[in-house]
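Descriptive structure summary
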Amino acid sequence: MNRPVLELRNISKTFPGVKALDSVELQLYPGQVTALIGENGAGKSTLVKVLTGIYAPDGGEILIDDAPVTMQAATDAKRHGISAIHQEAVMFDELTVTENIFINNQNRNIFGLLDWKLMRKRAKTLLEYLDVNVDPNIPLRELSVAHKHLVSFAAALSVSSSIVIMDEPTASLSHHEIQELYRLVRRLRDEGKAILFISHKFDEIFEICDRYTVFRDGQFVGSGGIADVTQDDLVAMMVGRTVSQIYPKEQTTIGDTVMSVKGLSHPSEFADIDFDLRKGEILGFYGLVGAGRSEVMQALFGLTPTSSGSMELNGKPFKPRTPGDAVDQGLVYVPEDRQHQGAILTLPIFQNITLPQLGGLSRSGFIDMAREYDVAREYATRLQLKASSLSENVENLSGGNQQKVVIGKWLATNPNVIIVDEPTKGIDIGSKAAVHKFMGELVAQGLSVIMVSSELPEVMGMADRVIVMHEGRIAARFERDDMTAEAIVTAATGA
Amino acid sequence: MMNEEVLKHPMTKDIKDLPDNLNGDWRNKLMRWETLLMVFVAIAFFTNTQISPYFLDPWSLSDATFNFTEKAIIALPMALLIIARDIDLSVASTIALASVAMGFANTMGAGPIELALIGMAVGTVAGFINGWIITRFDIPAIVVTIGTMSLYRGIAYIVLGDDVYRSYPSDFAFFGQGYVWGVLSFEFLLFLCLAVVFGILLHKTTFGRRVYAIGNNPTAALFSGINVKRHRLFLFTLVGLFAGIAAVLLTSRIGSTRPSIAMGWELEVITMVVLGGVNILGGAGSIVGVFIAVFLMGLVTFGMGLMNVPGIVMSIFTGCLLILVIGTPIIWRRFLNARKMRSNSGE
Ligand SMILES: Nc1ncnc2c1ncn2[C@@H]1O[C@H](COP(=O)(O)OP(=O)(O)OP(=O)(O)O)[C@@H](O)[C@H]1O
Ligand SMILES: [Mg+2]
């Protein structure tokens, strides 16, 4: 086999209370895609940050083309030909798409001034190359979460590099965009680049990766060729045991209608949304990025005003003007964007989990801290949260563990209707089973769930019925018995 | 073969034992700035005893408190407001407006209690107007309150011109000059009680927790079902009410109203809050910190008074302190980072 372009030896990194990386190793080969696999908190993103000069390792060596290098800052990574799509990209909402793409890599003209004309042109080409249909001149805040994510790809590709790192690039993308991404990865691979691909989804690992490396609890467990292992082998290496049931859908008895939505429309985002939600039911919403699913959900939650239509909840008219109204009436929403909308990163885990139900954990306005910790601990345990303590700030958790905090926070409120938007985004296989089991238990108790998900296996595994949206309208409806992957995907593309 | 390989590695840690916190780690973090402030208070106190032999006299100490008590009373709700990512620059002008209203009511023959109620009511309305404009039209607080800073003071000037309201009823003097027990003044006792109330409000109640949530991430707070606008409106109104209370105390203490009353106080109030460790960008801070900072400011100004430092020098001092206090944590963090980098590359 050819020599690795990048090799890590005995890399360690410690944070207060956790050894995030404990002398791990990694090799990346030119023209090959290497999967980095491990549970939430295994140290994958920390490794990416070490590789891109964001964190300085406590010890160990980084070799590029067999020569040891030090990474002190992001500019070093660029100099060594490393570019990365981070799990939580730092993006600037008020800047335009172009400005975000070239944020630390501007083109200058012969006078040394920023050459916006050239950058806009390059941004357009990059976005076309990625098959992303957004205007490079609009501010980033107008884009959906998934489109922002795609813009961060363009930013990573705007520098020429020989090593490309992708930290969970397909989280929040749906089928169509994922296919596009695969094409991109293959193209980069054929250009001879070494690619590190981090993912919790085994189907894509087997589809596009050539090699694997597994971490567990910050330690290197093993590596090799993908062709020599099965999914069960990888899972066993990741978690140290086998995970049997991934979508443990329990059979529930579905009751009467709890919520009905009629002709809900928005001036620009969606129109004529009609559906009923029944007691004990999981209703799936599938669609491509930009199909308007999240916008509909935010309207149900009182965040987005609607232009027409009506809603009923528990037989009474439902017209929430603020999320507070919706929560009071027993409808809660777990947003997709965990870093901005879901969690408060700079507050401790326990305060995040109890925030929506603080009233219930207090007596005449005074918070009962002991009960608060009890609730937080219960949900942290059920969702297998990995942290050093309940008082740790959420920003110090790994991406998947942040997501668990966001889910736990809302499941803990005991709502009537819960809307989950990409609930298991970035969550590892074992914890995903825990989340699904949890949702199964909730519907068994008579709660109703609306699940927006771009993961087809999740939608098909969990949902009793599926509504497919296309360009802001309902394109198709499927009952559990007549849904097939093909039919759902076809409906989503509007064909 | 694969499974044997796996078994050699330790099982995932038992997650059930997630501790509440790591042996008081967060407490340490919280207390650090406050401890530093206490050291400064001790130094300032000691210096003052060296400057003047009369400093330790109970009556002179009690006198010293009058200098800062009214500002300190506004600093309490202001701390909450700044933690919630807002700010109110119009508090001094609100005092002027409320004081003028009291002076006018006095000419109409209002009694002491009525005067106090009027002062508080005008303050509350002024604060409510700030909050209403800010939350209704989504305009940054700093813009709106700079506007009302001129507006409220301007109204005071229009009403009063170059005149002075004097001859308040003699009973009215109690609020700003009265003593409750020995050397303990009514003003100061009120401040102590309010400090306790605010400490509890911010650190023990659901309201306080929501204030932190809003200050750390208003979007996520909204998504968590918190009525962010209503909380902000309430905080502005509360600050207005307390500016009104300060107006009552101040007017009563000096016994007269000029439109230039309390000029420049907004900066001193904000300095107290920020010196107390409240993050000017919102999200963090404690009442204990503000409480200590109030005393530190009081001791330093009093010390400068003992040394006959002119007023303009004091305000230069306040300005420098403000820059220093906002700048220090930022520079300190940068210093720590630089050190970390150096030690890492030294390996
Ligand atoms: N800045 C930080 N401060 C403290 N602890 C941290 C910090 N960043 C990461 N950690 C801890 O280091 C460990 C590894 O985190 P990392 O983000 O690398 O996990 P990951 O493998 O990327 O997980 P995920 O699949 O959830 O994204 C976790 O236990 C996390 O809590
Ligand atoms: Mg990660």
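Residues numbered from 1 in each chain as written. Chains lettered and ligands numbered in written order. Predicted model: local features only at pLDDT ≥ 70, side-chain atom pairs only at ≥ 80, totals over all residues. Heavy atoms only, no water.

Another point: the overall build of chain A. When you go through chain A residue by residue, the secondary structure sums to 17 helices and 22 strands. Its C-alpha atoms give chain A a radius of gyration of 23 Å, near enough to 23 Å, the size a compact globule of 495 residues would have. Principal-axis analysis of the C-alpha atoms places the extent of chain A at approximately 70 × 50 × 45 Å. Here chain A holds 495 residues, and 61% of them are scored as buried. Put simply, 67% of the contacts in chain A that link residues at least 6 apart link residues at least 24 apart. With the model as given, the accessible surface of chain A reaches about 19100 Å², and the carbon-plus-sulfur share is 48%. Averaging the locations of the 48 positively and 63 negatively charged side chains of chain A gives two centres separated by 3 Å. (Helix = DSSP H or I, 4+ residues; strand = E, 2+ residues; numbered from the N terminus. Rg over C-alpha atoms; globule rule 2.2 N^0.38 Å. Buried < 20%, exposed > 50% of the residue type's maximum accessible area, 1.4 Å probe, protein only. Contact = heavy atoms within 4.5 Å. Areas by Shrake-Rupley, 256 points an atom, 1.4 Å probe, with all protein chains shown as cover. Lys, Arg positive; Asp, Glu negative; His and termini not counted. Charge placed at Lys NZ, Arg CZ, Asp CG, Glu CD.)

Here we come to the pairing of strand E2 (residues 18-28) of chain A. All names here are of chain A. Where strand E1 (residues 6-15) and E2 come together, seven bridges link them in antiparallel fashion. The residue bridging Leu-6 from the neighbouring strand is Leu-28, located in E2. Where E1 folds back on E2, the antiparallel hairpin that results is connected by two residues, among which Gly-17 adopts a positive phi of roughly 90 degrees. (Pairing = 2+ DSSP bridges.)

Moving on to unusual backbone geometry. All names here are of chain B. Positive phi, close to 60 degrees, is recorded for Ala-262, a residue that is not glycine. Among the structural elements, Ala-262 can be located in the loop between helix H11 (228-254) and helix H12 (265-275). Despite not being glycine, Asn-308 has its phi angle at roughly 60 degrees, a positive value. Along the polypeptide, Asn-308 turns up in the loop between helix H13 (287-306) and helix H14 (311-345). A relative accessible area of 65% means that Asn-308 is categorised as exposed.

This part covers the packing of aromatic side chains. Following the criterion strictly, the structure yields 24 aromatic pairs over all chains and no others. Seen in terms of ring centroids, Phe275(A) and Phe285(A) are 5.4 Å apart; in terms of plane orientation they differ by 75 degrees. Their pairing is edge-to-face. Separated by ten residues along the polypeptide, Phe275(A) in strand E12 (residues 273-278) and Phe285(A) in strand E13 (residues 282-287) bring together distant segments of the chain. With relative accessibility at 0%, the residue Phe285(A) sits in the buried group. The interplanar angle of 90 degrees and the centroid separation of 5.5 Å between the aromatic rings of Trp132(B) and Phe137(B) together place this pair among those described as edge-to-face. Given the relative accessible area of 47%, Phe137(B) is considered partly exposed. Grouping aromatic residues by their ring pairs yields a cluster made of Phe68(B), Phe188(B), Phe191(B), Phe291(B) and Phe295(B). The lysine or arginine in question, Lys71(B), covers the ring of Trp265(B), its NZ or CZ lying 5.0 Å from the ring centre. For the cation-ring pair, Arg136(B) lies above Phe137(B), with the distance from its terminal atom to the ring centre recorded as 5.4 Å. (Phe/Tyr/Trp six-rings, centres within 6.5 Å; stacked < 30°, edge-to-face > 60°. Lys NZ or Arg CZ within 6 Å of the ring centre and 35° of its normal.)

So, on to the domain arrangement of chain A. Residue and element names in this part refer to chain A. Taken domain by domain, chain A consists of domain 1 (6-243) and domain 2 (257-493). Computed over C-alpha atoms, the centres of domain 1 and domain 2 are 28 Å apart. On the domain 2 side, the residues contacting the 27 residues of domain 1 number 26 residues. Across the domain 1 to domain 2 interface the summed buried area is about 2200 Å²; carbon plus sulfur atoms make up 58%. The tally of links between domain 1 and domain 2 comes to one salt bridge. (Domains from an automatic or database assignment. Buried area = accessible area lost by both parts, 1.4 Å probe. Salt bridge = Lys/Arg side-chain N within 4 Å of Asp/Glu carboxyl O.)

Turning our attention to the coordination of the magnesium ion (ligand 2). Residues and elements named next belong to chain A. At this site the magnesium ion (ligand 2) is bound by Ser-45 (OG) and Gln-87 (OE1), with donor distances of 1.9 to 2.1 Å. A residue pair is termed long-range when its members are at least 10 positions apart, and Ser-45 in helix H1 (residues 44-51) and Gln-87 in the loop between strand E6 (82-85) and helix H3 (97-101) qualify at 42 residues. Neither residue differs from the other here; Ser-45 and Gln-87 are each classed as buried. (Donors = N, O, S within 2.8 Å, 3.2 Å for Na, K, Ca; no water.)

A few words on the sheet that holds E1(A). All names here are of chain A. Strand order in the open sheet formed by four strands is E2-E1-E4-E5, with antiparallel pairing between adjacent strands. Each edge of the open sheet carries a strand with a single partner, namely E2 and strand E5 (67-69). Strand after strand, the sheet turns through a mean of 30 degrees between neighbouring axes, direction not considered. (Axes fitted to C-alpha atoms, helices over the stretch in contact; angles between N-to-C directions.)

Residue and element names in this part refer to chain B. Where helix H8 (residues 186-204) contacts H13, the axes come no closer than 9 Å and their chain directions differ by 155 degrees. Between H8 and H13, the angle is such that the two are roughly antiparallel. Judged by residue contacts, Phe-188, Phe-191, Leu-192, Ala-195, Phe-198, Gly-199, Leu-202 and His-203 of H8 engage Ile-287, Phe-291, Val-294 and Phe-295 from H13. By residue class, the composition of the contact of H8 with H13 is ten nonpolar, two polar and no charged. (Parallel < 35°, antiparallel > 145°, perpendicular 65-115°, else oblique. Nonpolar A, V, L, I, M, F, W, Y, C, P; charged D, E, K, R; others polar.)

Residue and element names in this part refer to chain B. Overall, the prediction assigns chain B a mean pLDDT of 86, with 87% of residues at 70 or greater. Here residues 1-15 is a poorly scored stretch, pLDDT under 50, and it has 25 contacts once near neighbours within four places are set aside; other chains count. Contacts for the low-pLDDT stretch residues 343-347, under 50 throughout, to residues beyond four places or in other chains number six contacts. Here the complex is predicted with pTM 0.87, and the ipTM for its interfaces comes to 0.86. (pLDDT = per-residue confidence, 0-100.)

Right, let's get into the interface of chain A and chain B. Chain A puts 60 residues into the contact, and the matching count from chain B is 39 residues. Interface area, chain A with chain B, both sides summed: about 4100 Å², of which 59% is carbon and sulfur. Linking chain A with chain B are one salt bridge, by the criterion used here. Across the salt bridge formed by Glu372(A) and Arg209(B), the nearest N and O atoms sit 2.4 Å from each other. Counting across the interface, chain A meets chain B through eight residue pairs in polar contact (both at pLDDT 80 or more). In terms of residue count, the dominant contributor to the side of chain A that touches chain B is helix H13 (residues 369-382) of chain A (six residues). (Polar contact = N/O pair within 3.5 Å; in protein donor to acceptor, adjacent residues only side chain to side chain.)

Looking now at the environment of Leu250(B). All names here are of chain B. Tracing the sequence through the fold places Leu-250 in helix H11. On a C-alpha basis, the gap between Leu-250 and Pro-53 in space is 28 Å, while along the polypeptide they are 197 residues apart. Once you skip the residues sitting within four places of it in the chain, Leu-250 turns out to touch Glu-70, Ile-95, Gly-255, Ile-261, Ala-262 and Trp-265.

Residues and elements named next belong to chain A. The element E13 is extensively covered by neighbouring structure, given that six of its six residues are classed as buried. Of the two faces of E13, both are covered, the one formed by Ile-282, Gly-284 and Tyr-286 as well as the one formed by Leu-283, Phe-285 and Gly-287. Looking at chain direction, E13 and strand E20 (residues 448-452) are connected through four bridges and run parallel. Counted as the bridge partner of Phe-285 is Val-452 from E20. Pairing of E13 with strand E21 (residues 465-470), which is carried by five bridges, proceeds in the parallel orientation. Its bridge partner being in E21, Tyr-286 is matched across the sheet by Val-468.

Moving on: the sheet that holds E12(A). Residue and element names in this part refer to chain A. Overall, antiparallel pairing links the four strands, which are arranged E12-E11-E14-E15 in an open sheet. The outermost strands of the open sheet, each flanked by one partner alone, are E12 and strand E15 (316-317). By the bridge criterion, five bridges tie strand E11 (residues 257-265) to E12 in an arrangement that is antiparallel. Its bridge partner lying in E12, Val-261 is registered against Phe-275.

Residue and element names in this part refer to chain A. Taken together, 22 residues surround ligand 1, and among them Lys-44, Ser-45, Thr-46, Ser-398 and Gly-400 come closest. Between ligand 1 and Ser-45, the relevant distance is 2.7 Å, taken from an oxygen atom to a side-chain nitrogen or oxygen of the residue. The contact in question runs from an oxygen atom of ligand 1 to an N or O atom on the side chain of Glu-168, over 3.4 Å. Protein coverage of the free-state accessible area of ligand 1, which is 640 Å², stands at 93%. Contributing elements (two or more residues each) for the shell around ligand 1: E2, H1 and helix H14 (399-411). Of the residues assigned to the shell around ligand 1, the class counts are six nonpolar, twelve polar and four charged. Residues from two domains meet in the shell around ligand 1; each of domain 1 (6-243) and domain 2 (257-493) gives at least three. (Near = heavy atom within 4 Å.)

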